[in-house]
Amino acid sequence: MEVSVTVNGTVRSADVEPRTLLVHYLRDVLGLTGTNIGCDTSSCGACTVLVDGRSAKSCTLLAAQVDGADVTTIEGLAGPDGLHPMQQAFHECHALQCGYCTPGMVMAAVSLLDEYDDIDADGVRVGLEGNLCRCTGYQNIVAAVLAAGE
Amino acid sequence: MTVTETPFTGGIVGKPRLRREDPALLTGEAKFIDDLQIPGALWLACVRSPYAHARITGIDTSAALAIAGVVAVYTGEDLADAWAAPLPCAWPVTDDMKNPAHYPIAQGKANYAGDIVAVVVAESRYAAADGIEGVVVDYEPLEAVVTIEDAETDRLVIHDDCGTNVSYVWELTPEPDAVTAAFAAAEHHITETFVHQRLIPTAMEPRGVAAVPAPHNGDMTLYSSTQIPHVLRVMAALTVGIPEQKLRVIAPSVGGGFGCKLNVYAEEILCIVLAQRHGVPVRWTEGRTEAAGSTVHGRAQRQTIELAADADGKLTAVRATLLADMGAYLQLVAPGVPLLGAFLYHGLYDVPVYSFTCKSVFTNLTPTDAYRGAGRPEATYAIERAMDALAVAVGVGQDEIRSRNFIPTEKFPYDSPAGLIFDSGNYQPTLDRAKELIDWDGRRAEQAERRAAGSTTHLGLGISSYVEMCGLAPSRTLAALNYGAGGWESATVRILPTCKVQVVTGATPHGQGHETCWSMIVADQLGIDPDDVEVLHSDTSISPLGMDTYGSRSLAVGGTAIWMATEQVIDKARAIAAHMLEANADDLEFAGGTFSVRGSPDKEVPLAGVAFGAFTAHDLPDGMEPNLQAQVTFDPSNFVFPFGTHIAVVEVDEATGAVELLDYAAVDDCGNQINPLIVEGQLHGGIVQGIAQALWEDAAYDADGQCRAANLADYLVPSAAECIDMKLDHTVTPSPSNPMGVKGIGEAGTIASTPAVMNAVVDALRPMGITDITMPASPMTVRRAIEAAQGGSA
Amino acid sequence: MIPAAVDYVLADSAEAAIAALTEAGDEAKLLAGGQSLVPLMRLRLATPSVLIDIGRLDDLSGISIDGDTVSIGALTTHSALEHSADLAAACPLLAHVAAQVGDPAVRHRGTLGGSLAHADPASDLPAAVLALGGTLVASGPGGSREIAATDFFTGFLESALGPDELLTEVRVPVSTGGWCYQKFNRRAQDWAIVGVVVAEAGAGVALVNMGSTPLRASGVEAAVAGGASAGDAAAVAADGTEPPTDNNADGDYRAHLARVLTERALTAAGA
């Protein structure tokens, strides 16, 4: 079936099997490999992207479900002026080590700040409940998200 | 806090520096194994035994072969002649160690749930996934051995060719009679038995492999999400039987390892063999649920520790006895993992005599191997839990019992009763500072108030003081332990014509930040900008010599090699500068990237001028080779011994059994720090990983050998919501074992935190008479202990 | 893991979805947000032959309040429930429970109707709708019918929905009396090991993950109605239940938790 998605501002279309997961559509069909896969139970959040501006786990969506939608991946976050403020905050707070969870974590954090006003450290911690990191112990991630929100 | 001696004067080392690795990782530019676009690659998928123990009585591949996109299906019989050797175990810890033959595909019998029984090769990952559903395997299920206690009895022997489930018994008993005498004379004899549950390492990036052949010239490039491209090259070449020089191994960006990517795996060998056979690339990416049976687990041992002490609680002997679970086969370094803790069951305490014995057994479970800390978390857990028991027996505080037994600072270097030499240490300040950070006295008062008020939310404080041995390792020591390789590390430092620097390291990063740290070391030494230092690694064609990254060795061994190579480059540059300045080399000073003649500050030449001169070679001293470069292979003279004290504060809800972490302080000493930012990050992550063992993670198996926590919905890797901010500080006690005075910090957090939390949980419940909680301290486990202590049910 | 091959039909109306369901028979599955179904498909625990995607039926999404009744379109997302000021005023319990589902990304896609139709006893929202005494509206080839929440959950992952029926709306009474949701788990993102929903100061009490279906704790409700203390009422919370056993809890521990959490919830709700 033909699936057409606006990815990072550009309309992309491809003929795919209906079972194709959005994350495979992005990675294998469009070559946007920044979005990672860390589990098969919707638990880890490594595959988080924005669908119509809100975080979604791209391993838990069929590409068909977002036909016509607007998808932002990690590749679409940095602009011509450099890193997105969330990316910059992750860098400055040493909020990543191996970096595998990072694209999903950053996308989840961007969505979180957009969704919840005046979020505090506890709010950030709970708001990132669906994104697992094995390297950082989260302390610097929380600091980065708060810094980006200021 | 302590006098700091550092060879660094450039103003770069020792200050936090943001990581150069970040931009690629933050934007999706970094390429992990599954990100590689490999035209024409076939996809491998593995048919794995659903049974822990079963005879394979038939395999029908016809339905799979009929599935669109499936190219081939192979069974163990089909590939029986494909291997030159079984999958390697490089650590035969005893001469009579039992090591059953372990091939990439099982034949005849599957020995754990996850054992590969057939593989599918297909045109796409989707077709490969369909293909494995089409392979029909007939199994005759057999009774499984799922506990180490059952295994030990040999009631049911897993490997007929071994004749027993016991792989080895390893002993370290330098003075057995003295130990016996010490226990006979002891005022206090503490005996504690603890169980370390199985853990699933869970690097966030699942493993992956891609083998890319060049069929006509015989070259093979193996991409793997591995910590050990260098070791893998040697081992894979021997296992597959292709010449080592024809195999190039590349580790692309690697998304964490924690020991589980320190191995040689069936899928790596299978991809090479099938790429040879099909003449096209063959690749495989692990699924998370699949990983419970395809990637090694960690810990999994039962330990009994005995302390002998005098009336004041001063230790007179320590005796430890382990029963360790190897799983179904011996993976690369699995037998040695318990032994990395063998020397540390007396912790950082001054103990005259010591005894250690480990028996390791096979079970019908996923093989175990190194997992962050590898042996030292187990040792630290045993001694630190037991020290709390001793404190209770003696009637002193948990802090006091430790202070009474710390190895005194003046005894360093310390000849340990297990035969090691602890390089340097100053333990008491870490305890003092950690108590200060956590408000020890205030928390103790709060605990007493709650108890007096009859509160049902119980406060607990737990201390864990630790020392660990890392920086693996002196090659001669490894030889004494029968390890199959050396412990050196290699580095090349090369100054390019424009005074940019190329560093080639054999240490292979997978998230640690080597590039940033190595550039800081070299830039500090050379007086240049760290951004002018390029660091190359993780590709055996670029960095042919290396022993890779594990055991908190990268800085203490690999970093030292870089430091030494840079010193050699400076020496050569000095000779050239002297020639250029017509001065004596001994009269030259080198600072801020410039050579100058002492006393004649106008006579100077910048390193850039020397570098260009070395490149053009127009006017070098007689007999001197062109170019500024040096290659060093550093073999350390000793391990390094980082140490510290961590304190956890927890609250236990008596009604539900829920444990909440309220506060955490850690004071660590890893000698001189290169980049404090990285040190802090390693500690944060390491501490949480250790806390996760205490409170959440458990690769629980049922009686049939099925993992009940095979995916991330059931295996409870904590999220930010369960964790708290930690309070960190450090002391600095440089190591005399290397010129930079550094010690490793990659595993220290994990080593220290598990007993701190469990001591806190037990401290909270001790008034009820509870002296142990089995890990993880899940709400149900804690509640059951409370009910038992209260003598009734809920 | 990768789902098995499946056909896909995008429904452009409820009628079209019902027609497609009728035609495809019981090998078909409706796909709303997919937050429960897609993970099951990835593990190949669900292998429908055809997916009927109702995710674009925008007229089945939205919250409206008419007198004493809150009507919620079945495709309203958890996130929409969580952030609705109208719902926060009319039925704060439901808005709060919606905010406890999964994680933010799941809540952005998951739907109320999908959660109810999936009928997972460990899910948060089914118990909330039970405690609130809600009513579900199903449409089928023969038209619409109302199903009381108490009659809806018939077994583990089974509901009273016919194979050719589509859940279109959920109605709950306006409810601003004392309420509480006690969700007990080990990680924030996980399903409740046990959950207790209390509505209207104990007039409605329902249990999460205490049996093969979400359960109404009618014994507790009766005790509260009879003037029992929170502690006394909570003592019967687990009576008659057959709680499951898994990694986190066995049946006895779940029963204990149900009592503890019920007492806490009743107390917080002012029962």
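Participant: It is not clear to me how the overall build of chain C should be interpreted in this structure. Could you clarify?
Facilitator: Each helix and strand in chain C was counted, giving twelve helices and 14 strands. Relative to its length of 271 residues, chain C is compact, with a C-alpha radius of gyration of 18 Å against a globular reference of 18 Å. In terms of overall dimensions, chain C has a C-alpha envelope of 55 × 45 × 30 Å along the principal axes. Evaluated residue by residue, chain C yields a buried proportion of 60% over its 271 residues. Considering only contacts within chain C whose residues lie at least 6 apart along the sequence, 63% involve residues at least 24 apart.

Participant: What is the right way to read the interface of chain C and chain B from this model?
Facilitator: By a frequent convention, interface size equals the accessible area lost on bringing the separate parts together. Taken together, the contact pairs 15 residues of chain C with 22 residues of chain B. Here the side of chain C that touches chain B takes four residues from helix H12 (residues 251–268) of chain C, the largest share from any one element. Here the side of chain C that touches chain B is composed, by residue class, of nine nonpolar, four polar and two charged.

Participant: Sorry, what's going on with the environment of B:Ile773 here?
Facilitator: All names here are of chain B. Among the structural elements, Ile773 can be located in the loop between helix H18 (748–765) and helix H19 (779–789). Judged by C-beta crowding, with 22 C-beta atoms within 10 Å, Ile773 ranks as buried. Measuring from C-alpha to C-alpha, the distance between Ile773 and Ile786 comes to 9.9 Å, with 13 residues separating the pair along the chain.

Participant: Whenever I open this one, the sheet that holds strand S11 (residues 247–250) of chain B confuses me. Can you help?
Facilitator: All names here are of chain B. The strand order S3-S5-S1-S12-S9-S10-S11 describes an open sheet built from seven strands, whose pairing is mixed. The open sheet has two edge strands, strand S3 (70–75) and S11, and neither has a second partner. With strand direction ignored, the average angle separating the axes of adjacent strands in the sheet is 20 degrees. As judged from the four bridges shared by strand S9 (residues 208–214) and strand S12 (residues 282–285), these two strands associate in the antiparallel manner. Note that in S12 the partner of Ala211 across the bridge is Val282. Helix-sheet contacts for helix H3 (residues 125–134) involve strand S1 (42–48), S3 and strand S5 (116–122), and the interaxial angle to S1 is about 25 degrees. Relative to S9, helix H7 (residues 266–278) is tilted by about 30 degrees, and along the sheet it contacts S1, S5, S9, strand S10 (219–224) and S12.

Participant: Can you help me understand the interface of chain A and chain B in this one?
Facilitator: Across the contact, 47 residues belong to chain A and 41 residues belong to chain B. Of all the elements in the fold, those that place two or more residues in the side of chain A that touches chain B are helix H2 (85–92), helix H3 (102–115), helix H4 (121–127) and helix H5 (139–149) of chain A. Tallied by class, the residues present in the side of chain A that touches chain B amount to 21 nonpolar, 19 polar and seven charged.

Participant: In this structure, what is going on with the sheet that holds strand S19 (residues 489–495) of chain B? I would like to understand it.
Facilitator: Adjacent strands of a sheet pair through backbone hydrogen bonds, lying either parallel or antiparallel. Residues and elements named next belong to chain B. The strand order S21-S20-S19-S25 describes an open sheet built from four strands, whose pairing is mixed. The two strands at the open ends of the sheet, each matched to only one other strand, are strand S21 (533–536) and strand S25 (628–634). The mean inter-strand angle of the sheet, taken between neighbouring strand axes irrespective of direction, is 15 degrees.

Participant: What is the right way to look at the domain arrangement of chain C in this model?
Facilitator: All names here are of chain C. Each assigned domain of chain C is listed with its residue range as follows: domain 1 (7–53), domain 2 (59–173) and domain 3 (180–268). Just the C-alpha atoms count here: the centres of domain 2 and domain 3 sit 20 Å apart. Contacts between the two partners involve 21 residues from domain 2, matched on the other side by 20 residues from domain 3. Of the residues that constitute the side of domain 2 that touches domain 3, the class distribution is 13 nonpolar, six polar and two charged.

Participant: I'm lost on the environment of B:Phe615 in this one. Help?
Facilitator: All names here are of chain B. Here Phe615 lies in helix H16 (residues 607–616). Since 16 C-beta atoms lie within 10 Å of it, Phe615 is described here as partly exposed. The sequence separation of Phe615 and Ile67 amounts to 548 residues, and the corresponding C-alpha distance is 61 Å. The contact partners of Phe615, leaving out residues within four places of it in the chain, are Pro497, Pro626 and Asn627.

Participant: Help me out: how do you make sense of the pairing of S5(B) in this one?
Facilitator: Side-chain positions along a regular strand alternate between the two faces of the sheet. All names here are of chain B. Buried residues dominate S5, accounting for seven of its seven residues. In this sheet, S5 lies alongside S1 in antiparallel orientation, the contact comprising six bridges. Across the sheet, the residue bridging to Arg48 is Ile116, located in S5. With five bridges connecting them, S3 and S5 associate as antiparallel partners. When the bridges of S5 are listed, Val73 appears paired with Val120.

Cut-offs applied
- Residues numbered from 1 in each chain as written.
- Chains lettered and ligands numbered in written order.
- Predicted model: local features only at pLDDT ≥ 70, side-chain atom pairs only at ≥ 80, totals over all residues.
- Helix = DSSP H or I, 4+ residues; strand = E, 2+ residues; numbered from the N terminus.
- Rg over C-alpha atoms; globule rule 2.2 N^0.38 Å.
- Buried ≥ 20, exposed ≤ 12 C-beta atoms within 10 Å, placed from the backbone.
- Contact = placed C-beta atoms within 7 Å.
- Nonpolar A, V, L, I, M, F, W, Y, C, P; charged D, E, K, R; others polar.
- Pairing = 2+ DSSP bridges.
- Axes fitted to C-alpha atoms, helices over the stretch in contact; angles between N-to-C directions.
- Domains from an automatic or database assignment.

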